[in-house]
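Listed below are the residues making up each chain.
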Amino acid sequence: GKALPYSRGFHLICQLVAAMNPDDLDAMDESVPFTKQTLDHLLGMTSTEETYRHYFHHYTLAQKTRKIEEPSDTIKKNV
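What counts, and where the lines are drawn
Residues numbered from 1 in each chain as written. Predicted model: local features only at pLDDT ≥ 70, side-chain atom pairs only at ≥ 80, totals over all residues. Heavy atoms only, no water. Helix = DSSP H or I, 4+ residues; strand = E, 2+ residues; numbered from the N terminus. Buried < 20%, exposed > 50% of the residue type's maximum accessible area, 1.4 Å probe, protein only. Contact = heavy atoms within 4.5 Å. Areas by Shrake-Rupley, 256 points an atom, 1.4 Å probe, with all protein chains shown as cover. Core = buried A, V, L, I, M, F, W, Y, C linked by side-chain atoms within 4.5 Å. Salt bridge = Lys/Arg side-chain N within 4 Å of Asp/Glu carboxyl O. Phe/Tyr/Trp six-rings, centres within 6.5 Å; stacked < 30°, edge-to-face > 60°.

Trainee: In this structure, what is going on with the overall build of the chain? I would like to understand it.
Mentor: In terms of regular secondary structure, the chain is built from 4 helices and 0 strands. Each helix and strand of the chain, ordered N terminal to C terminal, gives the series α-α-α-α. Buried positions account for 20% of the 79 residues belonging to the chain. Counting only contacts in the chain whose residues sit at least 6 apart along the sequence, the fraction spanning at least 24 positions is 33%. Surface accessibility of the chain: about 5900 Å² in total, with carbon and sulfur atoms responsible for 58%.

Trainee: For this particular structure, what's the right way to read helix H2 (residues 36-43)?
Mentor: Given 3.6 residues per turn, any residue in an α-helix points the same way as the ones three and four places further on. Restricting attention to buried positions, one finds in H2 the residues Thr38, Leu39 and Asp40. Tucked into the core, H2 has its buried residues touching helix H3 (49-64).

Trainee: Even after reading the chapter, I still don't get the nonpolar core, so can you show me in this structure?
Mentor: One broad trend across soluble globular proteins is that nonpolar side chains are buried collectively. Counting residues in hydrophobic clusters, the biggest one holds 10 residues: Leu4, Phe10, Cys14, Ala18, Leu25, Phe34, Leu39, Tyr52, Tyr55 and Tyr59. Of all the elements in the fold, those that place two or more residues in this core are helix H1 (8-17) and H3. Tallying contributions element by element places H3 first for this core, with 3 residues.

Trainee: Honestly, the environment of Gln37 in this entry has me stumped. Any pointers?
Mentor: Position of Gln37 relative to the elements: it lies in helix H2. Overall, the relative accessible area of 54% leaves Gln37 in the exposed class.

Trainee: Hey, could you run me through the pattern of salt bridges in this one?
Mentor: Any two side chains of opposite charge can pair if their charged atoms end up close together. For the structure on display, the rule yields 1 salt bridge. Its salt-bridge partner being Asp40, residue Lys36 comes within 3.0 Å of it at the nearest N-O pair. One end of the pair is Lys36 and the other is Asp40, both in helix H2 and 4 residues apart, which spans about a single turn. Judged by relative accessible area, which is 13%, Asp40 ranks as buried.

Trainee: How should I be thinking about the packing of aromatic side chains in this particular structure?
Mentor: Using the criterion set out here, one finds 5 aromatic pairs in the structure. When the ring of Phe34 is compared with that of Tyr55, the centres are 6.4 Å apart and the planes differ by 20°; the resulting orientation is stacked. With Phe34 in the loop between H1 and H2 and Tyr55 in helix H3, this residue pair connects regions lying 21 residues apart in the sequence. By the burial criterion, Phe34 is buried, and Tyr55 matches it. Measuring from centroid to centroid gives 6.4 Å for Phe56 and Tyr59, while their planes differ by 35°, and the two rings are tilted. With Phe56 and Tyr59 both in helix H3 and 3 residues apart, this pair spans about one turn of that helix. Assessed through its relative accessible area of 35%, Phe56 is described here as partly exposed. One aromatic cluster is present, built from ring pairs that chain together Phe34, Tyr52, Tyr55, Phe56 and Tyr59.

As structure tokens, then:
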């Protein structure tokens, strides 16, 4: 997305290691934003409050513009 350096490779790595870290990586497809601490650990750097607000702002924008393709998408969009 615009605020998280997300790619197919990032997705594949997260899927592979999600079983070892279910609270964070496995939750990616549950439409829940990362906490600042989790985001810092995933990116391997300490983000500032401003950068985290940027991520969170774009996360909420992405949720609002999410397309409904399946019934479960309605639930995920409204979380």
